[in-house]
Amino acid sequence: MSNYNPEMIEKKWQDIWEENGTFYASDEKSKPKYYALIEFPYPSGKGLHVGHPRPYTALDIVARKRRMQGYNVLYPIGWDAFGLPTENYAIKNKIHPKEVTKKNVAKFKSQLKSLGLSFDWSREVNTTDPEYFKWTQWIFLKLYEKGLAYKKTTSINWCVDCKIGLANEEVVNGKCERCGGEVVKKDKNQWMLKITDYAEKLINDLDLVDYIERVKIQQKNWIGRSEGMEVNFNITEDKKIKVFTTRPDTLFGATYMVIAPEHPLINELSDKIKNMDELEGYKEKANKKSDFERTELVKEKTGVEIKGIKATNPVNGKEVPIYISDYVLMSYGTGAIMAVPGHDTRDWEFANKFDLPIIEVVKGGDIEKEAFTDIDNGVMVNSDFLNGLKVEEAKKKISDWLEEKGLGERKINYKLRDWVFSRQRYWGEPIPLVYCEDCGWVKVPEEELPLELPEVESYEPTDNGESPLANITEWVNTTCPKCGKDAKRETDTMPQWAGSSWYFLRYTDPHNDEEFASKENLKYWLPIDWYNGGMEHTTLHLLYSRFWHKFLYDYDIVPTKEPYQKRTSHGMILGENNEKMSKSRGNVVNPDEIIEDFGADTMRVYEMFIGDFEKSVPWSQNGVKGCRRFLDRVWRLKDSIVDGDKYSKDLESNMHKTIKKVSEDFENLKFNTAIASLMELVNNFNSKGEVNKKEFKTFLTLLNPVAPHITEELWTSLDLGGMLNEQSWPEWDEDKTVDNEIEIPIQVNGKVRGKLKVSVEADKEEIKEKVMNDENINNYLDGKNIVKEIYVPGKIYNIVVK
RNA sequence: GCCGAAGUGGUGGAAUUGGCAGACGCGCCGGACUCAAAAUCCGGUGAGGUUUACCCCUCGUGUGGGUUCGAGUCCCACCUUCGGCACCA
């Protein structure tokens, strides 16, 4: 063994680990378990990206460390392989998506294996495998049984020229990404999942888990709980508009109403409304906008008054006009609002534009200039029996009053909307339902699952908005499982989110063909101890999978309320030019090349050393070189090894401090500073000119989770005893990590003017005496009065003078 | 627009969570080795000032204000960048 040559050693160790099954998790349940999880990748045609290994290496470090600490570790991997890009690629190149997926998975797999990650490959899952999606369909049927799946008309993006439904991502500036043609909304009857039933639990149970704070906040805000009143505004004898408001206290200031352009009331009252054409025209325009274009605050407010009808304000009986405007969304609340221009910014702008009355009902601002929205410091005015009350008091009083009179009721509203579960695509799990003229929707019997996709030549979309499956009549036409008559299969498929909403459960028992995982295995392995993934999955994937898990918990199928005990997040890796890596920008770095040129261990060290794990960071080829140099130095240390079964005196404290720092940093996403302290330790070995066996063994063990190949190779070739991965994690002695003499800065008026070596236990008097003898300090005290002296033991000594 | 996060040397970042700003790495400069280069090793490296030199001084963490003996860290306002916005995954 001469020079450090990763090519020679990395493949060798990967093969040894694989042959020995070193990283297989055991279902024998005697040891304490640890379940570490990364978001399983979507095997795209582009292959692995340098961004992928960042989270994988991070949790690989945790997994390897935990094994050394005596845990039975489950660190699994799989493929989230259904999805749009594969289907589109397949259509374009006339290859079956199954084949495309197979090829992509093979590529990803070989790339991941070359990184030396300690995944348990025996538990690999693939969402497109019928043995897997059998259980995805099974869970859907459970949701359906419990009434959580229902059909509803919603709108999809429809390209008029291609005659196909488009994903939001395929709509660019209102045009079709493929052909540039016009995109309109088209109504479609779709399967929905009632995630809103779980809104309250999804918020409250965040208290049970250890997620990084910003993830919790994003989840809470996405669910968007707000408490308020539903209030009825009468229009005619039998028609009324229901509004949701969090500010019932301002009811006396409601001077008009706005309803969403799609509100059903418009058609219901079409015989009374005098300007239907105008309203239809406005609705058509609004339909072309996305929800967030519609709710932008800065844009000019638009709207049309509904002529021929008026609403009555229930608190004072006054008649108010009704408008339609696109800033009111049918999907939030009741699709209608009472407008209080004095105290809501959007209403104020609207009222100004349409010259509607603005009444002040909360005193404290200047409603001539802007809406007054500060609810903490306002007192009610112009509000009859609410006058003089504070906002909070008024809210309560008016709510009681409205409930008493039957004019409204207290209501909790969520921003969260039900989950649109249908896709008009081929490459997804078929929804296992059959429609029978007599029996309605009927479940495909469980014993017939998996309901597989038909093998066909063409899986291109139809031109009427139906899924490609609708064209395959021999698949669609079936018999009703209930009555045996002719019936038709549902042709929509499930969204990609379905398979990823429960994959972590399957890992606990991936080859079980009786149930989706055995109770014993679920009980042993759950909850996931640490789940790391991208910030971009904070709202959707995380919420959807928590929802499914909670549903399964309620029906006693899984043993824990929450799937993930701890959730952290990593930042993106950008190109050298600080922009997102993409083919079109020409800044993509291929991990294969890095491994070829520098080795997998260098790649791993660099990915962890590159910067703050939680922030996005640009790639740097020079940085990679630096990490290779570090490993070269580690390799050369073998020539400086001397005997010794104890830490040497001069390095003892350093060793204990490093063990502590590395151990703690690995737990706190601070891989970069852990590596920095290992680098410092190597620098210390080198400046001393030697390292003893005990020190080197500890060092190799600490570095092993980050750079497993080089450390294993050094360990065995130096014959340090067995294999490194079988060793236990080093311990540190807290007493030996504290210095008894330290240097503290001496400040005058907060500026450092000198330093002093003192014992840790030194008291104020002792330091003061030394301080007063310091020449430089005295220069600053000369001719001034000492006002105050502050001593923070171990930290600082500050003298305040005047 | 709404929700969330981040701005520190030439550069990626560090800072015991209110206590010496710039650890560690990269780059750059100088030196050693070499016929020479690469590799490696040693030293220097925030800006400005002062000094033969050691030293020492002023400024400095996106901008403007504030709290404090003391602010990269806390508070207020603003600017810029990034993630998400429900059919990309």
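Residues numbered from 1 in each chain as written. Chains lettered and ligands numbered in written order. Predicted model: local features only at pLDDT ≥ 70, side-chain atom pairs only at ≥ 80, totals over all residues. Heavy atoms only, no water.

A.B. asks: Provide a residue-level description of empty space enclosed by the protein, including the pertinent values.
C.D. replies: Throughout the structure, instances matching the rule amount to 2 cavities of 30 Å³ or more. There is about 100 Å³ of room inside the largest cavity. Residue lining of the largest cavity: His96, Lys98, Thr128, Pro130, Phe133, Tyr426, Trp427, Glu452, Leu453 and Glu455, and that is the complete set. Residues of the lining of the largest cavity, tallied by class, amount to 5 nonpolar, 2 polar and 3 charged. Approximately 60 Å³ is the volume found for the second largest cavity. Considering the residues around the second largest cavity, the lining is formed by Trp158, Ile164, Gly165, Gln424, Arg425, Pro461, Thr462, Gly465 and Glu466. Across the lining of the second largest cavity, the residue classes tally to 3 nonpolar, 4 polar and 2 charged. (1 Å grid on protein atoms, 1.4 Å probe; cavity = no way out; pocket = protein on both sides within 12 Å on 5 of 7 lines; lining within 4 Å. Points joined across faces, edges and corners; volume = space filled by probe spheres on them. Nonpolar A, V, L, I, M, F, W, Y, C, P; charged D, E, K, R; others polar.)

A.B. asks: Can you explain helix H23 (residues 693–703)? Please cite residues and give values.
C.D. replies: Along H23, 8 of the 11 residues are buried, which leaves the element largely enclosed by surrounding structure. Within H23, the full set of buried residues consists of Glu695, Phe696, Thr698, Phe699, Leu700, Thr701, Leu702 and Leu703. The residue sitting at the N-terminus of H23 and contributing the capping side-chain oxygen is Asn692; that oxygen lies 3.1 Å from the backbone nitrogen of Lys694. (Buried < 20%, exposed > 50% of the residue type's maximum accessible area, 1.4 Å probe, protein only. Helix = DSSP H or I, 4+ residues; strand = E, 2+ residues; numbered from the N terminus. Polar contact = N/O pair within 3.5 Å; in protein donor to acceptor, adjacent residues only side chain to side chain.)

A.B. asks: Can you break down the state of the cysteines residue by residue, with the values?
C.D. replies: Taken as a whole and assessed by the stated rule, the structure comprises 0 disulfides. Of all cysteine sulfurs, the one in Cys179 lies closest to Cys162, which takes part in no disulfide; the gap is 3.5 Å. By relative accessible area, which is 29% here, Cys162 ends up partly exposed. There is no disulfide at Cys483, and the cysteine sulfur nearest it, in Cys439, is 3.7 Å away. Exposure remark for Cys483: the relative accessible area of 38% places this residue in the partly exposed category. (Disulfide = S-S within 2.5 Å.)

A.B. asks: Quick rundown of the confidence of the model for chain A? Include the residues and the values.
C.D. replies: Looking at chain A as a whole, its pLDDT mean stands at 91, while 98% of the residues score no less than 70. As scored by the predictor, the complex reaches a pTM of 0.93 and an ipTM of 0.94. (pLDDT = per-residue confidence, 0-100.)

A.B. asks: Talk me through the sheet that holds strand S2 (residues 72–74); I want residue IDs and the actual numbers.
C.D. replies: Strand order in the open sheet formed by 5 strands is S2-S1-S25-S26-S10, and the pairing between neighbours is parallel. Looking at the sheet topology across the chains shown, the edges are occupied by S2 and strand S10 (210–211). Inspection of the sheet shows strand S1 (residues 33–38) paired to S2 by 3 bridges, in the parallel sense. Its bridge partner lying in S2, Lys33 is registered against Asn72. This element, helix H2 (residues 53–68), spans S1, S2, strand S25 (530–534) and strand S26 (566–570) of the sheet and lies at about 170° to S1. (Pairing = 2+ DSSP bridges. Contact = heavy atoms within 4.5 Å. Axes fitted to C-alpha atoms, helices over the stretch in contact; angles between N-to-C directions.)

A.B. asks: Just give me the short version of the pattern of salt bridges, but keep the residues and values in it.
C.D. replies: Per the counting criterion, the structure on display carries 50 salt bridges. Between Arg64 and Asp60 there is a salt bridge, and its shortest N-O distance comes to 3.0 Å. Residue Arg64 and its partner Asp60 are both found in helix H2; the two are separated by 4 residues, about one turn of the helix. The buried category is assigned to Asp60, whose relative accessible area is 0%. For Lys736, the salt bridge goes to Asp733, with nearest N and O atoms at 3.9 Å. Here the salt bridges share partners, and the residues they tie into one network are Lys142, Glu145, Lys443 and Glu446. (Salt bridge = Lys/Arg side-chain N within 4 Å of Asp/Glu carboxyl O.)

A.B. asks: Tell me about the protein's contact with RNA strand B, residues and numbers included.
C.D. replies: For RNA strand B, the set of nearby residues contains 72 residues, the closest of which are Asn168, Asn221, Ile610, Lys755 and Asn798. Taking the atoms of RNA strand B that fall within 4 Å of the protein, sugar and phosphate contribute 65% of them. One of the backbone nitrogen or oxygen atoms of Arg417 is found 3.0 Å away from a base nitrogen of RNA strand B. In this structure, Ile610 approaches RNA strand B through a main-chain N or O atom, which is 2.4 Å from a sugar or linking oxygen. (Near = heavy atom within 4 Å.)

A.B. asks: Run through the packing of helix H21 (residues 649–667) against helix H22 (residues 671–688), naming residues and quoting values.
C.D. replies: For the pair H21 and H22, interaxial distance at closest approach is 8 Å and the crossing angle is 160°. Classified by the angle their axes make, H21 and H22 are roughly antiparallel. For the element pair H21 and H22, the recorded crossing hand is left-handed. Counting all contacts with H21, which are made through Asp650, Leu651, Asn654, Met655, Thr658, Lys661, Val662, Asp665 and Phe666, the residues of H22 involved are Phe671, Thr673, Ala674, Ser677, Leu678, Leu681, Asn684, Phe685 and Lys688. Considering only residue class, the contact of H21 with H22 consists of 9 nonpolar, 5 polar and 4 charged. (Parallel < 35°, antiparallel > 145°, perpendicular 65-115°, else oblique. Left-handed = near helix turned anticlockwise from the far one by under 90°.)

A.B. asks: Describe the sheet that holds strand S32 (residues 751–759), naming the residues involved and giving the relevant values.
C.D. replies: Read from one edge to the other, the open sheet built from 4 strands follows the order S32-S31-S34-S33, with strand pairing classed as mixed. Whereas interior strands pair on both sides, the edge strands pair on one side only; in this sheet they are S32 and strand S33 (786–792). Adjacent strand axes in the sheet meet at a mean angle of 20°, parallel and antiparallel pairs treated alike. Pairing geometry for S33 and strand S34 (residues 796–801), over 6 bridges, is antiparallel. Looking across to S34, one finds that Ile786 is bridged to Val801.

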